[in-house]
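This is what each chain is made of:
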Amino acid sequence: MSDAKGVLYVVGIGPGAHDHVTPAATRAIADAELVVGYTTYIKLVSELIRGKEIVRTGMTEEIGRARTAVERARDGAKVALISSGDAGVYGMAGLVFQVLRDLGWKRGNSPKLHIIPGVTALSSCASLMGAPLVHDFCAISLSDLLTPWPVITRRIEAAAQADFVIGLYNPASGRRTRQIVEAQSIIRKYRDGATPVALVKSAYRKMQHAVLTDVDHFLDYEIGMLTTVLVGSSNTYVFEGYMVTPRGYTNKYTTEGEVLPGQRPGYSLVLAGSPEPAGRE
Ligand code: SAH
């Protein structure tokens, strides 16, 4: 192994707007000599990367991008591999580890690895809609390019049945339009047709567009590669155009903060008919 002292930053740059790039991500990009990323994301951080060497590639060249970033860093360069949102959420971080494994990399070898978190689409899209993720939620990608469709439908089914708020990443693309239709029919089996659904396109980018609709009607709107779909749980409601999933405070407290009869702060919620709280949190 060479004694090169390369550094690889795997950087999530958030949804798009410069304000949502974290200071740590900005510092990592500033420290890099070489920036590798998909063309659109390179454009989103163009003010941060002037004067640096740039390797930009198309959407389908992810393996090549990860390989270039890892190899150049291994050979001694300081490299930032950038990904939208959080690089560890349907992002480049997974491929980086695959390439490192293939190369027989060990901790302590070059490159030194820094994974910098970013604001993922679920968080950025939720913030535009109100507070839809305040109770249990899960993320499912509808892309079947690398995952078999029956695996994906099983997860949609389980999430819908278990009453999670569901965030759908990669809901559709130009060619891939069937998946979201099938997802809706699975969700409809378990959820009321009036359950709130948000479609958020290009959050915090120039073309930002958000629609608040419901399970029965969301297919009437445009859904594409830059859309994240947020499907409410049975508790999710609409208030003043916001989508809100309550945490459950009203099960235990009045809105004035008084504890309801039979409940104890710091203890498990007492259900009607159950003798004793299960235990302290
Ligand atoms: N690593 C990214 C996700 C990449 S998968 C992240 O953490 O956000 C690509 C999918 O993410 C898109 O199909 C879309 O569903 C979602 N997405 C990414 N950026 C978005 C944005 N600005 N607005 C809405 N959805 C976005």
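The structure presented is a predicted model; accordingly, all values stated were derived computationally and were not measured.

Definitions and cut-offs
Residues numbered from 1 in each chain as written. Predicted model: local features only at pLDDT ≥ 70, side-chain atom pairs only at ≥ 80, totals over all residues. Heavy atoms only, no water. Helix = DSSP H or I, 4+ residues; strand = E, 2+ residues; numbered from the N terminus. Buried < 20%, exposed > 50% of the residue type's maximum accessible area, 1.4 Å probe, protein only. Areas by Shrake-Rupley, 256 points an atom, 1.4 Å probe, with all protein chains shown as cover. Lys, Arg positive; Asp, Glu negative; His and termini not counted. Charge placed at Lys NZ, Arg CZ, Asp CG, Glu CD. Phe/Tyr/Trp six-rings, centres within 6.5 Å; stacked < 30°, edge-to-face > 60°. Lys NZ or Arg CZ within 6 Å of the ring centre and 35° of its normal. Polar contact = N/O pair within 3.5 Å; in protein donor to acceptor, adjacent residues only side chain to side chain. Near = heavy atom within 4 Å. Nonpolar A, V, L, I, M, F, W, Y, C, P; charged D, E, K, R; others polar. Domains from an automatic or database assignment. Pairing = 2+ DSSP bridges. Salt bridge = Lys/Arg side-chain N within 4 Å of Asp/Glu carboxyl O. Buried area = accessible area lost by both parts, 1.4 Å probe. Patch = residues over 30% accessible without salt bridge, like charges linked within 9 Å, V, L, I, M, F, W, Y side chains within 5 Å. Core = buried A, V, L, I, M, F, W, Y, C linked by side-chain atoms within 4.5 Å. Contact = heavy atoms within 4.5 Å.

### Section: the overall build of the protein chain
When helices and strands are tallied, the protein chain shows seven helices and 13 strands. Based on the C-alpha atoms only, the size of the protein chain along its principal axes is roughly 70 × 45 × 35 Å. For the protein chain, the proportion of its 281 residues judged to be buried stands at 42%. Total accessible area computed for the protein chain in this model is approximately 15,200 Å², and 52% of it derives from carbon and sulfur atoms. In the protein chain, 30 side chains carry a positive charge and 27 a negative one; their mean positions are 7 Å apart.

### Digging into the packing of aromatic side chains
Under the defined criterion, the tally for this structure stands at two aromatic pairs. Ring geometry for Tyr38 against Tyr41: centres 5.1 Å apart, planes inclined by 75 degrees, an arrangement best described as edge-to-face. Over the ring of Tyr267 we find Arg264; its NZ or CZ atom is 4.2 Å from the centre of that ring.

### Looking at the side chain of Thr236
With respect to the helices and strands, Thr236 occurs in the loop between strand E11 (227-231) and strand E12 (237-239). Given a relative accessible area of 8%, Thr236 falls into the buried group. One polar contact links Thr236 to Thr245, side chain to side chain, over a distance of 2.9 Å.

### Let's talk about the site of the ligand
Every one of the 20 residues lining the ligand counts as a neighbour, but Val89, Thr120, Met225, Thr227 and Thr228 are closest to it. Taking Asp86, its main chain carries an N or O atom lying 2.9 Å from an oxygen atom of the ligand. Measuring from a nitrogen atom of the ligand, one finds a backbone N or O atom of Ser202 at 3.5 Å. In isolation the ligand offers 540 Å² of accessible surface; the protein chains occlude 93% of this area. Within the shell around the ligand, the residues separate by chemical class into 11 nonpolar, seven polar and two charged. Residues lining the shell around the ligand come from more than one domain, with at least three contributed by each of domain 1 (7-119) and domain 2 (122-244).

### Some remarks on the sheet that holds strand E6 (residues 130-131)
Strand order in the open sheet made by the three strands is E6-E13-E12, with mixed pairing throughout. The strands lining the two open edges of the sheet, one partner per strand, are E6 and E12. In this sheet, strand E13 (residues 242-244) lies alongside E6 in parallel orientation, the contact comprising two bridges. If you follow Gly130 over to E13, its bridge partner there is Met243.

### A word on the pattern of salt bridges
Applying the stated rule across the entire model yields 10 salt bridges. Here Glu71 ties to Arg67 by a salt bridge, and the two come within 2.9 Å at their closest N and O atoms. With a gap of four residues between them, Glu71 and Arg67 both fall in helix H3 (residues 62-74), about one helical turn apart. Ionic pairing is found between Glu222 and Lys201, a salt bridge with its closest N-O pair at 3.9 Å. On the criterion of sequence distance, the pair formed by Glu222 in the loop between strand E10 (209-214) and E11 and Lys201 in strand E9 (residues 196-201) is long-range, its members being 21 residues apart. We classify Glu222 as exposed; its relative accessible area is 62%. Exposure remark for Lys201: the relative accessible area of 25% places this residue in the partly exposed category. Residues participating in the shared-partner salt-bridge network are Asp144, Arg178 and Glu182.

### Re the domain arrangement of the protein chain
Split into domains, the protein chain comes out as domain 1 (7-119) and domain 2 (122-244). If you average the C-alpha positions of domain 1 and of domain 2, the two centres end up 28 Å apart. The contact between domain 1 and domain 2 buries some 770 Å² in all, and 66% of this surface belongs to carbon and sulfur atoms. Counting the surface domain 1 buries against domain 2, the share from its top three residues, Pro15, Tyr90 and Val119, is 57%.

### Points about a nonpolar patch on the surface
On the surface, Tyr237, Phe239 and Tyr242 cluster together to form a nonpolar patch covering roughly 340 Å² of accessible area. Looking at the element boundaries, Tyr242 is found in strand E13. Exposure remark for Tyr242: the relative accessible area of 44% places this residue in the partly exposed category.

### Regarding the nonpolar core
Within the largest apolar cluster, 23 residues are counted, with the highest numbers of intra-cluster contacts made by Ile140, Leu142, Ile156, Ile166 and Val229. Of all the secondary structure elements, the ones that give two or more residues to this core are strand E7 (137-141), helix H6 (149-161), strand E8 (165-169), helix H7 (178-190), E9 and E11. In terms of residue count, H6 provides more of this core than any other element does, five residues in total. In this view, Ile156 contacts Ile140, Leu142, Trp149, Ala183, Ile186 and Ile187; residues no more than four positions away in its chain are not counted.

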